[in-house]
Amino acid sequence: MRLDWLFQRAAWLVLAASLVLAACGAPSGPTVAGSPTNAPSAPTASSAAAPEGAIARVGDGFILRRDFDRFYLPGADPKALLDQMIDVELVVQAALQEGATVDETKIDEQVTQLRLAQAGGDDAQFAAFLQSNNIADEAELRRLLRRDALIEQMLLKHTTAEQVRARHILVAATPEEAEGRKATAEAILAELQNGGDFAALARARSDDPGSAAQGGDLGWAPRGVYVTPFEEAVFSMKPGELRLVQTDYGWHIIEVTAGPEVRSFDDRALLDTPAGQEAFSATFLPWVAELRSKAEADGKIEVLVDLTTLTQSGN
């Protein structure tokens, strides 16, 4: 059994596989993946000798042969895999340079959940589970989870798109019922126009239970998430404007609370939508490419072995 489900990286399209691979195989030696994220005093690559089995230097860290061997598929291009692993390391290092931090209480919760789910809380079974997934011990697992948290922060921060924040009150109706329910929606709209409290009315009257619990708030969202009539409305409205819009779900009393504006993503789930994937391709991947270009120009990437040897059996 693999730990892929632990590391939610579906949104990183081309690099998704390498993220899972590099994270699950992160070494305990002096690499970015295997080092604590709060260790600023660690020696830099320029002052520290390459660890045994190092096949590439990336900034202040190294990529090890054992990680490459674990994920290399016979017949595949070794350079392509190594390039992906280098890009992953650059993103992790960028996160640290940008001051990203990890909430240790969330790491504790993840470890506890995993321990219960996979071993029923039994230490010996948990150790065996980690070993079966090529993770040395709980300390290494925690390092992988911290690394994953940093990557997710970079995914959200450096994936950008024009977004709008809106809230709505839904009066549910099929197309056949719409005319009969329009008066109800118009009455709610009138109440709001006369000073009614939107959040309170949403909690009491909206037929969309998910957003109703949040006072109607839908959060920030890019184009391509909402059905067409709703999207056309929110991206043409000004903050504070109220509008009644019909969709196949019924009548929506909509208020835009902020935007539209180009901004980072707040919601991890949005990265898995077609709109999120499009934004990822248009903004995150170019950011990674820029990291790579700068690192190469600054001499921070060095392949330490003959690539042809990487297709041979491990040392």
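That block above? That's the structure.
Presented here is an overview of the structure given in this document. Please read all numbers here as calculations on a predicted model, not as lab measurements.

What follows concerns the sheet that holds strand β5 (residues 242-247). Strand pairing in a sheet relies on backbone hydrogen bonds, with the paired strands running either antiparallel or parallel. What the four strands build is an open sheet, ordered β4-β3-β6-β5; its pairing is antiparallel. On the outer flanks of this sheet lie β4 (217-222) and β5, each paired with one strand and no other. The mean inter-strand angle of the sheet, taken between neighbouring strand axes irrespective of direction, is 40°. Summarising the sheet, strand β3 (residues 160-172) and strand β6 (residues 250-264) pair through 12 bridges and their orientation is antiparallel. Across the sheet, residue I169 finds its bridge partner in β6, namely I253.

Under the criterion given, the structure shown has four aromatic pairs. Taking 5.5 Å as the distance between ring centres and 20° as the angle between the ring planes, the aromatic pair formed by F280 and F284 counts as stacked. Highlighted residues: F280 and F284, both in helix α11 (residues 274-297), separated by four residues, approximately one helical turn. Ring geometry for F284 and W287: centres 5.6 Å apart, planes at 45°, overall tilted. With a gap of three residues between them, F284 and W287 both fall in helix α11, about one helical turn apart. Of the two residues examined, F284 and W287, each falls in the buried class. The structure contains a cluster of three or more aromatic residues connected by ring pairs, namely F280, F284 and W287. The ring of W220 has R263 sitting right over it, with the charged end atom 4.0 Å from the ring centre.

The next point concerns the packing of helix α4 (residues 104-119) against helix α5 (residues 123-132). Closest axis-to-axis distance for the α4/α5 pair is 9 Å, and the angle between their directions is 95°. Accordingly, the angle class assigned to the pair α4 and α5 is roughly perpendicular. Residues V111, L114, R115, Q118 and A119 of α4 pack against D123, Q125, F126 and F129 of α5. The class makeup of the residues in the contact of α4 with α5 is five nonpolar, two polar and two charged.

Turning next to the pattern of salt bridges. Taken as a whole and assessed by the stated rule, the structure comprises 22 salt bridges. Where E261 meets R263, a salt bridge forms, and the shortest distance between an N and an O atom there is 3.8 Å. Here R292 and E296 are joined by a salt bridge, their closest N and O atoms 3.0 Å apart. In this pair, R292 and E296 are both assigned in helix α11, four residues apart and thus about one turn of the helix distant. We classify E296 as partly exposed; its relative accessible area is 46%. Three or more residues are tied together by salt bridges with common partners; here these are K79, D83, D87, R292 and E296.

Take the pairing of β5 next. The pairing of β5 with β6 spans six bridges and is classified as antiparallel. Following the sheet pairing, T247 is matched in β6 by G250. As consecutive antiparallel partners, β5 and β6 are separated by two residues.

As summarised here, the arrangement of the three strands in space is β2-β1-β7, forming an open sheet in which the pairing is antiparallel. The open sheet is flanked by β2 (61-64) and β7 (301-303), the only strands paired with a single partner. In this sheet, neighbouring strand axes are inclined to one another by 20° on average, regardless of whether the strands run parallel or antiparallel. Of the pairings in the sheet, the one linking strand β1 (residues 54-58) to β2 comprises four bridges and is antiparallel in character. In the sheet register, V58 faces β2, and the bridge partner there is G61. Running at roughly 40° to β1, helix α3 (residues 78-97) makes contact with β1, β2 and β7 of the sheet.

Residue placement: E104 occurs in helix α4. Sequence separation between E104 and L145 is 41 residues; the distance between their C-alpha atoms is 9.8 Å.

Here is what the cut-offs are and how they apply
Residues numbered from 1 in each chain as written. Predicted model: local features only at pLDDT ≥ 70, side-chain atom pairs only at ≥ 80, totals over all residues. Heavy atoms only, no water. Pairing = 2+ DSSP bridges. Helix = DSSP H or I, 4+ residues; strand = E, 2+ residues; numbered from the N terminus. Axes fitted to C-alpha atoms, helices over the stretch in contact; angles between N-to-C directions. Phe/Tyr/Trp six-rings, centres within 6.5 Å; stacked < 30°, edge-to-face > 60°. Buried < 20%, exposed > 50% of the residue type's maximum accessible area, 1.4 Å probe, protein only. Lys NZ or Arg CZ within 6 Å of the ring centre and 35° of its normal. Parallel < 35°, antiparallel > 145°, perpendicular 65-115°, else oblique. Contact = heavy atoms within 4.5 Å. Nonpolar A, V, L, I, M, F, W, Y, C, P; charged D, E, K, R; others polar. Salt bridge = Lys/Arg side-chain N within 4 Å of Asp/Glu carboxyl O.

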